[in-house]
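Examination of the molecular architecture
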Amino acid sequence: MKSLHPLTWWIWSLLIVGAVISANSSWLAGISIAGATILVWRFAADAPWARSFWFSLKIGAFILIIRTLVGLLIGVPIPGTKLFELPILPLPSWLAGVRIGGVITQERLFSSIHEGLIIVAVISLFGAAVSLTSPHKLLRVTPIVIYEFGVATVIATSALPNLVQSISRIRRARLLRGDENPSWRSIALPLLEDSLSRSLELAAAMDARGYGVSRKRSRYRPISWQGIDSAVVLAAVLILSFALAIFR
Amino acid sequence: MINFSRVSLVYPTSTKTILEDLSFEIAEGEMVLVIGSTGTGKSSLLRLINGLVPHHTGGILAGDITVDGVSTQLVRPGELAHLVGIVGQNPAQGFVTDIVEEELAFGMEALNIAPDVMRKRVEEILDLLALAHLRNRAISTLSGGEQQRVAIGSALVMNPKVLVLDEPTSALDPIAAEEVLSILHRLVHDLSLTVVIAEHRLERVIGFADRIIHIAGDGSAEINLPEEILKRSEIAPPIVHLARALGLSDVGLSVRDVRRMTEEIRANGKDIPREAGQLGEIAIRTNKLSLNYGEKKALNEVSTQIHSGEIVALMGRNGAGKSSLLTTLVGINKLSSGSSEINGIKSVDLKGQVRRETVGFIPQEPSDLLYGQSVQSECQQADKDNQSAPGSTFALLKRIVPSINQETHPRDLSEGQRLALALAIVISAQPKVLILDEPTRGLDYQSKALLISLLKNFAKELNRSVLIATHDVELVAELCDRVIFLAEGEVVADGPTLDILLSSPAFAPQVAKVMSPRPWLTVSDVMRAVAE
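Residues numbered from 1 in each chain as written. Chains lettered and ligands numbered in written order. Predicted model: local features only at pLDDT ≥ 70, side-chain atom pairs only at ≥ 80, totals over all residues. Heavy atoms only, no water.

A short note on the overall build of chain A
The condition is simple: For the purposes of this entry, the term helix denotes a DSSP run of H or I that reaches at least four residues, the term strand denotes a run of E that reaches at least two, and both are numbered from the N terminus. For the radius of gyration, the atom set is restricted to C-alpha positions; the globular benchmark scales as 2.2 Å times the number of residues to the power 0.38. For every residue, the accessible area obtained with a 1.4 Å probe (protein chains only) is divided by the maximum for its type, and the residue is called buried under 20%, exposed over 50%, and partly exposed between those limits. Residue contacts are counted whenever heavy atoms from the two residues lie within 4.5 Å of one another.
For chain A, the helix and strand inventory stands at eight helices and two strands. Ordering the α and β elements of chain A from the N terminus gives α-α-α-β-β-α-α-α-α-α. For chain A, the C-alpha radius of gyration of 23 Å lies well beyond 18 Å, the compact-globule estimate for 248 residues. Each principal axis of the C-alpha distribution contributes one length, and for chain A these read about 65 × 60 × 35 Å. With 248 residues in all, chain A has 43% of them scored as buried. Within chain A, contacts between residues at least 6 apart in sequence are counted, and of these 76% link residues at least 24 apart.

This is how it looks when you write it as structure tokens:
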């Protein structure tokens, strides 16, 4: 999968996101999450950024749970099969229309999960695009005009793995001071200092090496759009038009 | 090539003048060494050359700096990229891409150099720095020495006229350091490259320098020939201290020169009786300790014993497993097989209070241990942890660094002061064993002398053991009783410092090289041999 153009997976994920949103179907959302998982599991390189997909899945799961709970507890009642009933929390009169608690129906549960799933699909599809593309390669195809964006990308993508490293290093040092449960604050301070100085260092290094000086950038290894890139994008286009045709 | 004319520099948040009215000129093809204590502005001086100071850091710069006729104040650092290559203190933090080849090409891509030119230059650099076999490797998997070479390569590939390096050998073992320096030496001579280099470990670089810039710390600086500067300077390699102690008329800079002057001493010096120290009880014991990281064997059946009252150095090349052994001993890593115990307690069982009182560990970055808002709050925390009298940790710290201010934030301390603070906190718990990982990285000679006397006191007077992982042979020669040598996770040598250091020329300290074949490692050894 080395030869893929860095933009391919980004275009692909944007198209699928379009399909999921326009179809508004939890089936398609579920399938696309599964598909993204397989793709990342199968094709992502063994690199720091490849872990972002699994991170995005975790965030997605968290959002799904919260979204479902909130959807069940607060909002407009949907009539249907009754599952169980919660007491209604009395609210001041100026909050008319909002209701906390009440009858929980199967329909209400499903609609909450359905909306949650779509959000998870969107997040995980972006996660997949990040995981499947080397940010450094992406940087090379971004126009030099958005110079700040380039610097920010490099710093952000190298900061995350550095952050993970620093956290474990500091936690270990703290353990050694006999501090078995170091407080969040005591870790955050050295961590912030560490990552800030690293980022500044990196920005200085990029600057010293002439990044952003020339309006045009040459390429050591040409990055070309190939048949397989078109195939991936075409597949996504097909899914999008399928979604538009069937679910509308 | 480089011209400083009446340069003064002040940082906005500080009242201290870093440089004041500094003027000098560096000619093409010169190799200039910048020396000075920590925090005196060596890095600032280096970064002035390509304009990172003040363009990137802020600060007020007076006077004019030109490089090859271009004034650094008028252009951005990037516009000097083709003229000045800069390699930072920690190259791993400056890498922008993930593959060696792409890293080399990055700067040229930014300058829009044609692909065929680029390919040719990358090939040349790969050959020049012996990196060809690493071209497709991920940079994160390279060893420290290899990373340093990639960093130098990515600066050189732009065909700069000036190369600036900030402590290029501080993280490297003696062999890798030698490799990097000889490459630089060759570039200076073959390509007439101008090199400006800052380094604490003068013994490594002094032989290569044409001139020295000595920054005094009060803003003044002197530029002169190495012989002239080193005649008077406090900062000097062991070989110069030797010449001074012996009262030689000249300070020689190379082992060869000083050998010629000391023939008589080698012939007439008396043998120093070896002190057969009595061994205390066993403090650290490992038995067939192995540690795997996934497939990779980090440690392989390491069996050793360290007694109380002993100061032991753990040496070996970059990636030999030194840090792994240390962290296993203190109980952070789960061992794959074998056993490791400190003071009769299994390493993995060390927790909380017991751990503090059994083993003190100073990691490579002492600041990891610190999280207080001031020196005072750190010391109070340590007092509370150890249930000792309030103020006792600070009193200890005050003995190490009398000038330290209670209110200072740990971040604003100098490298040496920070190490002292971490040491004070760890020692205040009176641990049976003290373990340090690379304590002298970035330390100047003064702080190093302080560290040596502190550790000697701790081990000998309180009868505790000290284990130090280090690349610094001079430190080992001054301080340690015994050396354990690791290679590929196995113990390949273990014995008295004298025997181990003398058996390998790469790891021999400067004085030993001068005095070979007599077994004297340090200036004080030689003085004792002469005095009797």
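More follows now that the structure is in view.
Looking at the overall build of chain B
This is how the line gets drawn: Only the protein chains shown count as cover for residues, with accessible areas throughout obtained via the Shrake-Rupley method and a probe of 1.4 Å.
Tallying secondary structure elements over chain B gives 21 helices and 20 strands in all. The C-alpha atoms of chain B give a radius of gyration of 24 Å, which matches the 24 Å a tight globule of 532 residues would have. Its C-alpha atoms put chain B at 65 × 55 × 50 Å along the principal axes. In chain B, which comprises 532 residues, the proportion classed as buried is 57%. Here the analysis covers contacts within chain B between residues at least 6 apart in sequence; of these, 67% occur between residues at least 24 apart. Carbon and sulfur atoms provide 49% of the accessible area of chain B, an area that totals close to 21400 Å².

A look at the sheet that holds strand E3 (residues 31-35) of chain B
All names here are of chain B. Just so we agree on the cut-off: Two strands make a pair as long as DSSP finds a minimum of two bridges between them. Lines are fitted to the C-alpha atoms to define the axes, a helix being fitted only along its stretch in contact, and any angle between axes, read from their N-to-C directions, falls within 0 to 180 degrees.
One open sheet accounts for six strands, arranged E6-E7-E8-E3-E9-E10; its pairing is mixed. Each end of this open sheet is capped by a strand with a single partner; those strands are strand E6 (84-87) and strand E10 (221-224). When the angles between neighbouring strand axes are averaged without regard to direction, this sheet yields 15°. With four bridges joining them, E6 and strand E7 (residues 162-166) adopt parallel strand pairing. By the bridge assignment, Ile-86 is partnered in E7 with Val-164. On top of the sheet, helix H1 (residues 42-49) reaches E3, E6, E7, strand E8 (194-198) and strand E9 (211-215); it is set at about 155° to E7, its chief contact.

Observations concerning the interface of chain B and chain A
The line we're drawing: In short, buried area is how much 1.4 Å probe accessible area vanishes from two parts on joining, totalled over both. Each reported salt bridge corresponds to a side-chain nitrogen of Lys or Arg within 4 Å of a carboxyl oxygen of Asp or Glu. N or O atoms within 3.5 Å of each other form a polar contact, as long as, within protein, one can give a hydrogen and the other can take it, and as long as residues adjacent in sequence are counted only when both atoms are side-chain atoms. Residue polarity follows a fixed list, in which Ala, Val, Leu, Ile, Met, Phe, Trp, Tyr, Cys and Pro are nonpolar, Asp, Glu, Lys and Arg are charged, and the others, Gly among them, are polar.
Contact with chain B, which involves 58 residues of that partner, is made by 45 residues of chain A. In total, chain B and chain A occlude about 4600 Å² of area from one another, counting both sides; carbon and sulfur atoms represent 52% of this. Interface area lost by chain B to chain A is led by B:Gln93, B:Glu109 and B:Tyr371, which between them contribute 15%. Across the contact surface, chain B and chain A share two salt bridges. For A:Glu201, the salt bridge identified is with B:Arg47, shortest N-O distance 3.2 Å. The tally of links from chain B across to chain A stands at 10 residue pairs in polar contact (both at pLDDT 80 or more). Among the secondary structure elements, those contributing two or more residues to the side of chain B that touches chain A are helix H3 (100-110), helix H4 (115-128), helix H13 (352-358) and helix H14 (375-386) of chain B. Looking at side-chain class alone, the side of chain B that touches chain A contains 25 nonpolar, 15 polar and 18 charged residues.

Comments concerning the side chain of B:Ser374
Mapped onto the elements of the fold, B:Ser374 is located in the loop between strand E16 (359-362) and H14. Sequence-distant contacts of B:Ser374, defined by excluding residues within four places in its chain, comprise B:Gln406, B:Glu407, B:Thr408, B:His409 and B:Pro410.

A word on the domain arrangement of chain B
Residues and elements named next belong to chain B. Short version of the rule: Bear in mind that the domain bounds are from an automatic or database domain assignment.
As far as domains go, chain B holds domain 1 (2-236) and domain 2 (282-488). Computed over C-alpha atoms, the centres of domain 1 and domain 2 are 32 Å apart. The contact between domain 1 and domain 2 buries some 1500 Å² in all, and 45% of this surface belongs to carbon and sulfur atoms. Counting the surface domain 1 buries against domain 2, the share from its top three residues, Thr-38, Asp-173 and Arg-201, is 34%. Joining domain 1 to domain 2, the criterion identifies two salt bridges.

Topic: the pattern of salt bridges
Residues and elements named next belong to chain B. Tallied over the full model, the rule gives 20 salt bridges over all chains. The residue Glu-101 makes a salt bridge to Arg-135 at a minimum N-O spacing of 2.7 Å. Placement of Glu-101 in helix H3 and of Arg-135 in the loop between H4 and helix H5 (144-156) is noted, with a sequence separation of 34 residues between them. Here Asp-481 and Lys-460 are joined by a salt bridge, their closest N and O atoms 2.9 Å apart. Taken together, the positions of Asp-481 in the loop between helix H18 (473-479) and strand E19 (482-487) and Lys-460 in helix H17 (residues 445-462) put the pair 21 residues apart, joining distant regions of the chain.

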